[in-house]
Protein chains: 2
Amino acid sequence: MRNFLLTLEYDGSLFHGWQRQPGKRTVQGQLESVLSRICLADVRLDGASRTDAGVHAYGQSASFGGDFAIPPERLKLAANNLLGAGPPDAGRRARVGDVRVADAREVPDGFHARYDAVGKKYIYRMLAVPEADIFMRNACWQVAGEPDAGAMAEAAARMAGVRDFRAFRASGGAETGGTVREVLGVAVYEDAFGRGGRMISIEVTGAGFLYNMVRIMAGTLLGAGMGRISPREIDGIIESGERGRAGPTAPPQGLCLAEVYYGREAMKAAAATRFARPCRSV
Amino acid sequence: MRNFLLTLEYDGSLFHGWQRQPGKRTVQGQLESVLSRICLADVRLDGASRTDAGVHAYGQSASFGGDFAIPPERLKLAANNLLGAGPPDAGRRARVGDVRVADAREVPDGFHARYDAVGKKYIYRMLAVPEADIFMRNACWQVAGEPDAGAMAEAAARMAGVRDFRAFRASGGAETGGTVREVLGVAVYEDAFGRGGRMISIEVTGAGFLYNMVRIMAGTLLGAGMGRISPREIDGIIESGERGRAGPTAPPQGLCLAEVYYGREAMKAAAATRFARPCRSV
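Residues numbered from 1 in each chain as written. Chains lettered and ligands numbered in written order. Predicted model: local features only at pLDDT ≥ 70, side-chain atom pairs only at ≥ 80, totals over all residues. Heavy atoms only, no water.

Considering the overall build of chain A
Phase 1: On a plain count of helices and strands, chain A comes out with six helices and 10 strands.
Phase 2: Against the 2.2 N^0.38 benchmark of 19 Å for 282 residues, chain A shows a C-alpha radius of gyration of 19 Å, consistent with a compact globule.
Phase 3: Overall size of chain A, expressed as C-alpha extent along the three principal axes, is 55 × 45 × 35 Å.
Phase 4: A total of 282 residues make up chain A; the buried ones form 55% of that total.
Phase 5: Taking all contacts inside chain A whose residues are at least 6 apart in sequence as the whole, residues at least 24 apart take part in 74%.
Phase 6: Here chain A has roughly 11500 Å² of accessible surface; of this, 50% comes from carbon and sulfur atoms.
Phase 7: Separation between the mean location of the 36 positive side-chain charges and that of the 31 negative ones in chain A comes to 4 Å. (Helix = DSSP H or I, 4+ residues; strand = E, 2+ residues; numbered from the N terminus. Rg over C-alpha atoms; globule rule 2.2 N^0.38 Å. Buried < 20%, exposed > 50% of the residue type's maximum accessible area, 1.4 Å probe, protein only. Contact = heavy atoms within 4.5 Å. Areas by Shrake-Rupley, 256 points an atom, 1.4 Å probe, with all protein chains shown as cover. Lys, Arg positive; Asp, Glu negative; His and termini not counted. Charge placed at Lys NZ, Arg CZ, Asp CG, Glu CD.)

Below you can see the structure in the form of structure tokens.
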């Protein structure tokens, strides 16, 4: 019995989220369909995170096992060919797909992408811009006004630690084991972008997350940036445990699952470092 | 009777092109619907260019007239609100649309966006990258290999001038007045992009174009970059008038209508200058 770990990237815009749902286009559903064709068996993928509709990923992890002969590198190639995400072929004008296998490797029997994960990093992007940027409509939350990234960073620093994040949990969450989570770091970055705009990127690294927690943190941090919430109030908001004290749930298109960690040292290092995204100047 | 000129930008991915077609989502159709609501009258838009399905625009021009009281700046605001392209409103999590009115101005009675245009600039983008970039799937043509931008620029220089571009016209074109067109400039630019990729941008400025001419020029220039066509062959290809001698028609998602010109001096200046796109590093 062999066991594989896949690293996946996807643009969440045209999916109803990660989790398989009958009759709906989902990332898990599409990947299982493709992998089952390749492996000639019924593949069930276990994903590290069940990202919502519209949410993107640079580094989702998913594992599956079975009696397959195929080497991981060929599995990646074959899957990407079917997904429209293989190496570009100048001879065929094939359409590029919206999900890609970034990596495939063999892992020990019993390794599980979700249960063995020690944490993850999410990135939330909001673009402060005077006029709508239609080409970025699916890639970020576009906000009015002039959020103060410095105030956002101050507020963000108050969010780290082992805390009861109940105030940052949406109703409808199905977590077991209480609402205490460990956030290793919340960093705020700001870059000039587009026509007089600023892209504010919030990177949250944590050992675990409640439902919509990063999106509620992002909405709260925007509130801090707009002066509606003072950074000094953050501790009180957390301690109150009241959802109404925190900010709005930021929309899904700004959220991206950057990375899943399987070692605590790697996660701690990542919490302290900006996630490396290649420049996409056009 | 008042007359308006609109400058429009759109992401062509989810439209069946510019031109109104019953039962299909088109840019012209969507804009006419929105403008008719605002002006309380049946608005018919005349567009400078009938861009194909999948083709984008930074600066399409379109004109319309009527007995409207509305000032152009309010027309722009109202249209963008309905299109989901107005200034971001932090209070409403409205989805950003895929077409926007970038400018609206009043023009003299009788001014016509297409008939008064003296020329246009198109940009064709191709991304040479070893692995598919799924986030850029609708924004460019992704090609394999290592195209030589220098050879492409040499070949591009041979394409300028007043020439019979019949070899660069797709069948199905409906041009009147022969196949001679004036190309003021063809420039090739190259930028590092993404994971070890290079974005090659071809800017073509011309007084007029045949059907699919820029896309066939782009496919031909890729051939020159890959060594399949020598720059010295370009004159012979043009003179032969044979479609089969030129390269393939590059796919629509790489093409963008950058600007429409109403003055020859402005067009000549633009032919000699790189089109200014704001940086979109993410």
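A look at the packing of helix H1 (residues 27–39) of chain A against helix H2 (residues 72–83) of chain A
Residues and elements named next belong to chain A.
Phase 1: It is the contact of H1 with H2, at a shortest axis distance of 10 Å, that shows an interaxial angle of 125 degrees. Judged by the inter-axis angle, H1 sits oblique to H2. Both H1 and H2 take part in a crossing whose hand is right-handed. Counting all contacts with H1, which are made through Gln30, Leu31, Val34, Leu35, Arg37, Ile38 and Cys39, the residues of H2 involved are Leu75, Ala78, Ala79, Leu82 and Leu83.
Phase 2: Of the residues assigned to the contact of H1 with H2, the class counts are 10 nonpolar, one polar and one charged. (Axes fitted to C-alpha atoms, helices over the stretch in contact; angles between N-to-C directions. Parallel < 35°, antiparallel > 145°, perpendicular 65-115°, else oblique. Left-handed = near helix turned anticlockwise from the far one by under 90°. Nonpolar A, V, L, I, M, F, W, Y, C, P; charged D, E, K, R; others polar.)

Things to note about the pairing of strand S9 (residues 197–206) of chain B
All names here are of chain B.
Phase 1: Judged by how many residues are buried, S9 sits mostly within the fold: nine of 10 residues are covered.
Phase 2: Sheet topology places strand S8 (residues 180–193) next to S9; 10 bridges connect them, and they run antiparallel. Each bridged residue has a counterpart across the sheet, and for Tyr189 the counterpart in S9 is Ser201.
Phase 3: Linking S8 to S9, which pair antiparallel, is a turn of three residues; within it Gly194 sits at a positive phi near 65 degrees. (Pairing = 2+ DSSP bridges.)

Quick word on the domain arrangement of chain A
Residues and elements named next belong to chain A.
Phase 1: Domain annotation for chain A reports domain 1 (2–107) and domain 2 (119–271).
Phase 2: Relative placement of domain 1 and domain 2: their C-alpha centres are 27 Å apart.
Phase 3: Of the residues lining the interface, 15 residues belong to domain 1; the matching set on domain 2 comes to 18 residues.
Phase 4: Between domain 1 and domain 2, the buried area comes to about 1200 Å², and carbon and sulfur atoms account for 54% of it.
Phase 5: Taken together, the connections running from domain 1 to domain 2 amount to one salt bridge.
Phase 6: One salt bridge in this structure joins Arg215 and Asp52, with 3.5 Å as the shortest N-O distance.
Phase 7: Remark: the boundary between domain 1 and domain 2 carries 11 residue pairs in polar contact (both at pLDDT 80 or more).
Phase 8: A total of six residues in the side of domain 1 that touches domain 2 trace back to one element, the largest contributor, which is strand S3 (residues 56–66).
Phase 9: By residue class, the composition of the side of domain 1 that touches domain 2 is six nonpolar, eight polar and one charged. (Domains from an automatic or database assignment. Buried area = accessible area lost by both parts, 1.4 Å probe. Salt bridge = Lys/Arg side-chain N within 4 Å of Asp/Glu carboxyl O. Polar contact = N/O pair within 3.5 Å; in protein donor to acceptor, adjacent residues only side chain to side chain.)

What about the packing of aromatic side chains?
Phase 1: As enumerated under the stated definition, the model contains 20 aromatic pairs over all chains in all.
Phase 2: Measuring from centroid to centroid gives 5.1 Å for Phe111(B) and Tyr262(B), while their planes differ by 50 degrees, and the two rings are tilted. Of the two residues, Phe111(B) is situated in the loop between strand S4 (99–106) and strand S5 (119–128) and Tyr262(B) in the loop between strand S10 (255–261) and helix H6 (264–271); the sequence distance between them amounts to 151 residues.
Phase 3: Ring centres of Phe165(B) and Phe168(B) lie 6.2 Å apart, and the angle between their planes is 75 degrees; this geometry places the pair in the edge-to-face category. Neither residue differs from the other here; Phe165(B) and Phe168(B) are each classed as buried.
Phase 4: Clustering of aromatic rings is evident, with ring pairs tying together Phe4(A), Phe64(A) and Phe68(A).
Phase 5: Positioned over the ring face of Phe15(A) is Arg25(A), at 4.1 Å from the centre of the ring. (Phe/Tyr/Trp six-rings, centres within 6.5 Å; stacked < 30°, edge-to-face > 60°. Lys NZ or Arg CZ within 6 Å of the ring centre and 35° of its normal.)

Side note on the relation of the copies chain A and chain B
Phase 1: Between chain A and chain B, the superposition needs a rotation of 180 degrees and an axial shift of 0.0 Å, giving an RMSD of 0.0 Å. Both copies are brought into coincidence by an operation consistent with a two-fold rotation axis.
Phase 2: Interface residue correspondence from chain A to chain B reaches 100%, placing this contact among same-surface, isologous pairings. (Least-squares fit on C-alpha atoms with pLDDT ≥ 70 in both.)

What to know about the interface of chain A and chain B
Phase 1: Between chain A and chain B, the residue contacts involve 51 residues of the former and 51 residues of the latter.
Phase 2: Note on chain A versus chain B: buried area summed over both sides is about 4800 Å², and carbon and sulfur give 56% of it.
Phase 3: Run the count over chain A and chain B and you get eight salt bridges.
Phase 4: A salt bridge links Lys76(B) to Glu131(A); the shortest N-O distance between them is 3.3 Å.
Phase 5: Run the count over chain A and chain B and you get 12 residue pairs in polar contact (both at pLDDT 80 or more).
Phase 6: Counting residues per element, the ones that place at least two in the side of chain A that touches chain B are strand S1 (2–10), S3, strand S4 (99–106) and strand S6 (141–143) of chain A.
Phase 7: Among the residues forming the side of chain A that touches chain B, the class breakdown is 27 nonpolar, nine polar and 15 charged.

Notes on the environment of Arg195(B)
Phase 1: Locating Arg195(B) in the fold gives a position in the loop between S8 and S9.
Phase 2: Between the C-alpha atoms of Arg195(B) and Arg114(B), which are 81 residues apart in sequence, the distance is 40 Å.
Phase 3: Reaching out from Arg195(B), the side chain makes a polar contact with the side chain of Glu9(A) at a distance of 3.2 Å.

A closer look at the state of the cysteines
All names here are of chain A.
Phase 1: For the coordinates displayed, the defined rule picks out zero disulfides over all chains.
Phase 2: Note on Cys256: no disulfide assigned, nearest cysteine sulfur contributed by Cys140 at a separation of 12 Å.
Phase 3: We classify Cys256 as buried; its relative accessible area is 3%. (Disulfide = S-S within 2.5 Å.)

Description of H6(B)
Phase 1: Of the residues making up H6(B), those classed as buried are Met267(B), Ala270(B) and Ala271(B). All buried residues of H6(B) lie within an arc of 100 degrees about the axis, which places them on one face of the element. (Arc of directions from axis to C-beta.)

A word on unusual backbone geometry
Residue and element names in this part refer to chain A.
Phase 1: The phi torsion at Leu40 lies on the positive side, around 55 degrees, for a residue other than glycine.
Phase 2: Tracing the chain through its elements places Leu40 in the loop between H1 and strand S2 (46–47).
Phase 3: You can call Leu40 exposed: its relative accessible area is 77%.
Phase 4: Here Asn212, not a glycine, exhibits a phi torsion of approximately 65 degrees, which is positive.
Phase 5: Under the relative-accessibility criterion, Asn212 is labelled buried at 16%.

Notes on the environment of Thr273(A)
All names here are of chain A.
Phase 1: Of note, Thr273 is situated in the segment after helix H6 (264–271).
Phase 2: Taking the C-alpha atoms as reference points, Thr273 and Glu203, 70 residues apart in sequence, are found 9.5 Å from one another.
Phase 3: When sequence neighbours within four positions are dropped, the list of residues in contact with Thr273 reads Lys121, Tyr189 and Glu203.
Phase 4: Within polar-contact distance, the side chain of Thr273 engages the backbone oxygen of Ala269 at 2.7 Å.

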